[in-house]
Amino acid sequence: MTTVLVVDDSPTIRAMIVELLKSHGMKTLEAEDGAIAKQLLSDSNIVPDLVITDIVMPNMNGYEFCRWVKNNPTTTQVPVIMCTTKGEDFDKHWGKRQGSDAYITKPFEGKEMLATVSSLLKAQTAP
């Protein structure tokens, strides 16, 4: 079963994304900021199949968390989707520079999120 880590400081946004993913047969893990997500992955030795992270969060923002994921030998191959209200070209460029594999601007359509998740998961398992 596919496991997705959802990192967002908004309980409402987290719940929306989690509900969407669960309704399509995925298991989810949740964290309210990058520091908690990093601790969760470090302590549990769980490697999610994919990460969806906000950017603007307390303690450790999404850019910092994405860099950690991509520089951690255990999670370096895990696709990261940045899902944020920061929609300027510079923000998208900076997200890519941090290692994100996709960038979705809030508000988003469920179909867009599912298509992006599906595409990254397929690319991850392709030979």
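Residues take numbers from 1 onward in each chain, read along the sequence in its written order. Only residues with pLDDT of 70 or above have their local features reported here, since the model is predicted, and side-chain atom pairs are shown and tallied only from 80 upward, although totals for entire chains, interfaces and linings are computed over all residues. Excluding hydrogens and water, the side-chain figures rest on all heavy atoms present in the structure.

Chemist: Got a sec to walk through the environment of Pro79? Specific residues and values, please.
Modeler: For Pro79, the position within the fold is in the loop between helix H3 (62-71) and strand E4 (80-84). Taking relative accessible area as the criterion, Pro79 reaches 6% and is therefore assigned buried. The spatial distance from the C-alpha of Pro79 to the C-alpha of Gly95 is 13 Å, given a sequence separation of 16 residues. Every residue pair with non-hydrogen atoms within 4.5 Å of one another is taken to be in contact. If sequence neighbours within four positions are ignored, Pro79 has contacts with Asp49, Leu50, Val51, Lys70, Asp101, Leu120 and Gln124. Helix and strand labels come from DSSP, where a helix needs a run of H or I of at least four residues and a strand needs a run of E of at least two; each type is numbered from the N terminus. Residue exposure (1.4 Å probe, protein chains only): buried if accessible area is under 20% of the type maximum, exposed if over 50%, otherwise partly exposed.

Chemist: Explain the sheet that holds strand E1 (residues 3-7) residue by residue, including any values.
Modeler: Strands in a sheet are paired, the pairing made by backbone hydrogen bonds, and the direction either parallel or antiparallel. When DSSP finds at least two bridges between two strands, those strands are taken to pair. Reading across the sheet, the 5 strands line up as E2-E1-E3-E4-E5 and stay open at both edges, with parallel pairing between neighbours. The outermost strands of the open sheet, each flanked by one partner alone, are strand E2 (27-31) and strand E5 (102-105). Looking at each pair of strands side by side, their axes are set apart by 20° on average, direction ignored. Most of the contacts of helix H1 (residues 11-22) go to E2, to which it runs at about 170°, and overall it touches E1, E2, strand E3 (50-53) and E4. Docked against the sheet, helix H4 (residues 89-98) engages E4 and E5, running at close to 145° with respect to E5. Interaxial angle, 0 to 180 degrees, is taken between N-to-C directions of lines fitted to C-alpha atoms, where a helix line uses only the stretch in contact.

Chemist: Please set out helix H5 (residues 110-125) residue by residue, giving values where relevant.
Modeler: In a helix, the anticipated span is given by 1.5 Å times the number of residues less one. Between its first and last C-alpha atoms H5 spans 23 Å; for 16 residues at 1.5 Å apiece the expected length is 22 Å, and the two agree. Those residues of H5 lying buried are Met113, Leu114, Thr116, Val117, Leu120 and Leu121. Along the long axis of H5, the arc covered by the buried residues comes to 165°, so they all point the same way. Pointing more than 90 degrees away from the buried face of H5 are the exposed residues Lys111, Lys122 and Ala123. Those residues of H5 that are buried lie in contact with H1, E3, E4 and E5. Each direction from the helix axis to a C-beta atom contributes to the arc, which is the arc of those directions.

Chemist: Outline the packing of aromatic side chains, supporting the account with residue identities and numerical values.
Modeler: Centre distance within 6.5 Å is the pairing criterion for rings of Phe, Tyr and Trp, where only the six-membered ring of Trp is used; planes under 30 degrees apart are then read as stacked, over 60 as edge-to-face, and the remainder as tilted. This model, assessed by the stated rule, comprises 3 aromatic pairs. Relative to Trp94, the ring of Tyr63 has its centre 6.5 Å away and its plane inclined at 85°; by these criteria the two rings are edge-to-face. On the criterion of sequence distance, the pair formed by Tyr63 in helix H3 and Trp94 in helix H4 is long-range, its members being 31 residues apart. Between Phe90 and Trp94, the ring centres sit 6.3 Å apart and the planes meet at 10°, which makes this aromatic pair stacked. A residue pair is termed a helical-turn pair when its members lie 3 or 4 positions apart in one helix, as Phe90 and Trp94 do in helix H4 at 4 residues. An aromatic cluster is present here, built from Tyr63, Phe90 and Trp94 joined pairwise through their rings.

Chemist: Report on the pattern of salt bridges, specifying residues and quantitative values.
Modeler: We count a salt bridge whenever a side-chain nitrogen from Lys or Arg sits within 4 Å of a carboxyl oxygen from Asp or Glu. Enumeration over the complete set of coordinates arrives at 5 salt bridges. Linking Asp8 and Lys106 is a salt bridge whose minimum nitrogen-to-oxygen distance equals 2.7 Å. Of this pair, Asp8 sits in the loop between E1 and H1 while Lys106 is found in the loop between E5 and H5, placing the two residues 98 residues apart along the sequence. Taken individually, Asp8 and Lys106 each receive the classification buried, so the pair is uniform in this respect. A salt bridge links Asp101 to Lys70, with the shortest nitrogen-to-oxygen separation between them at 2.8 Å. Placement of the pair is Asp101 in the loop between H4 and E5 and Lys70 in helix H3, with a sequence separation of 31 residues. Residue classification places Lys70 among the buried positions, given a relative accessible area of 18%.

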